[in-house]
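Fold and contact review
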Amino acid sequence: MGDVAMTVPVLRALIQQHPELTLTVVSRPFFKPFFDGIPNVHFFAVDLQKRHKGFFGLLQLFSDLKKLDIDAVADLHNVLRSKVIRSLFALSGKKVAYTDKGRAEKKALTNLTNKVFKPVKPMVERHVETFKKLGFSIDLTNPQFPQKAVLSDEILKITENKNQNWVGIAPFAQYEGKVYPLDLMQKVIDELSTNTSIKIFLFGGGNEEIQQLNQLQNNHLNVVVIAGKIKFKQELDLISNLDVMLSMDSGNSHIAAMLGVKVITLWGATHPFAGFSPFNQPLENCITADREKFPLLPTSIYGNKKVEGYEEAMRTIEPEKVVFRVQSLLGV
């Protein structure tokens, strides 16, 4: 999800700076709302369950896309499926380019021996380079973001009208190595909730996460569990109205960033140097685990690798530091 969200600011800038272009975004149907409202952007939903499943499904996908009279292909994913499609377009005489994900540099950054601890090029910049190969320059120094969404009555029944600072908290991630310990997150929420000028919305999904969010809510009147109550598109609308999003290194951080929301991220096994820091956010908004105590960090790009003795690395991020950063961005 985060990978797709990171393409949105690039495509928005591309259309703003090259309004003569028409783009077709090819992705899973779930991600269509990401691109709603961007002029000249059409969405092609891939059916990986039936029509476009397997190798012959890829051939069908190529056939379906070919009918759209595409002039050039930018492969921003650079995985096996997209490689096949772009290769077929190249063989048919179309200009193609793909995003170099910098796998060698990222491997050097996460090596447990001979680590090269320096920032690699952010993914957003890599996408910009991809379009430059196709002849389209993109300037991201002054990004434009969509207007805050008008919240529906259905959402307002849950959130009520906005008369406080709205803070979103998304405490989960795909892998355990990227999740801030819930007892520490509880301290963050408890402390923030003492300020009545702040209203907190908790994001997540699935029954287990909802149960954990209900515990984190801890009967605070100004803390609301959003998970399971509204649809994904409505969540995007709500996120666009937040003043701050506090997230792990996860898709929620990139969704908030693509909507122009201030984002604070917490990093455990992973690190913003790997190129996945949220778009247009200052580095001080990325709060990392203590590398003096855990010098092998980052141990993974995606947080899926476990290193013995590093299970508690995120406990070096003090709740007080997180609270202070949130309050600083809110000016409270």
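Residues numbered from 1 in each chain as written. Predicted model: local features only at pLDDT ≥ 70, side-chain atom pairs only at ≥ 80, totals over all residues. Heavy atoms only, no water.

So, the side chain of S27
Mapped onto the secondary structure, S27 falls in strand β1 (residues 23-27). Judged by its relative accessible area of 14%, S27 falls in the buried class. Once residues within four sequence positions are removed from consideration, S27 is found in contact with V4, F43, F44, A45 and V46. (Helix = DSSP H or I, 4+ residues; strand = E, 2+ residues; numbered from the N terminus. Buried < 20%, exposed > 50% of the residue type's maximum accessible area, 1.4 Å probe, protein only. Contact = heavy atoms within 4.5 Å.)

Section: empty space enclosed by the protein
The final tally for this structure, using the stated rule, is one cavity of 30 Å³ or more. If you go around the largest cavity, the residues you meet are P9, R12, A13, L140, P143, Q144, F145 and F279. Class assignment for the residues of the lining of the largest cavity results in six nonpolar, one polar and one charged. (1 Å grid on protein atoms, 1.4 Å probe; cavity = no way out; pocket = protein on both sides within 12 Å on 5 of 7 lines; lining within 4 Å. Points joined across faces, edges and corners; volume = space filled by probe spheres on them. Nonpolar A, V, L, I, M, F, W, Y, C, P; charged D, E, K, R; others polar.)

A word on the environment of A104
As for its position among the elements, A104 is in helix α5 (residues 103-110). Once the C-alpha coordinates of A104 and N304 are considered, the two residues, 200 residues apart in sequence, prove to be 18 Å apart.

Some details on the pairing of strand β8 (residues 244-248)
Along β8, five of the five residues are buried, which leaves the element largely enclosed by surrounding structure. A two-sided burial pattern is seen for β8, the buried positions comprising V244, L246 and M248 on one face and M245 and S247 on the other. Bridge analysis of strand β5 (residues 165-170) against β8 gives four bridges, and the strand direction is parallel. Bridging across to β8, A170 finds its partner in S247. (Pairing = 2+ DSSP bridges.)

Considering the layout of surface pockets
A volume near 380 Å³ is recorded for the second largest pocket. Lining the second largest pocket are 19 residues, and of these E176, G177, Y310, E311 and E312 lie nearest its centre.

Some details on helix α3 (residues 54-66)
Here α3 contains 13 residues, and its C-alpha end-to-end distance of 18 Å stays within 8% of the 18 Å for a straight helix at 1.5 Å per residue. Within the span of α3, buried status applies to G57, L58, L61, F62, D64 and L65. What you see down the axis of α3 is that its buried residues fit within an arc of 165°, all on one side. The exposed set on the far side of α3, more than 90 degrees from its buried face, consists of F55 and F56. The inward-facing, buried residues of α3 abut β1, β2 (41-45) and α4 (80-91). (Expected span 1.5 Å × (residues − 1). Arc of directions from axis to C-beta.)

Some remarks on the packing of helix α8 (residues 182-193) against helix α12 (residues 319-330)
It is the contact of α8 with α12, at a shortest axis distance of 9 Å, that shows an interaxial angle of 40°. Looking at the two axes, α8 sits oblique to α12. Once α8 is placed against α12, the crossing between them reads as right-handed. Across the interface between the two elements, L184, K187, V188, E191 and L192 of α8 pack against P319, V322, V323, V326 and Q327 of α12. When its residues are assigned to classes, the contact of α8 with α12 shows seven nonpolar, one polar and two charged. (Axes fitted to C-alpha atoms, helices over the stretch in contact; angles between N-to-C directions. Parallel < 35°, antiparallel > 145°, perpendicular 65-115°, else oblique. Left-handed = near helix turned anticlockwise from the far one by under 90°.)

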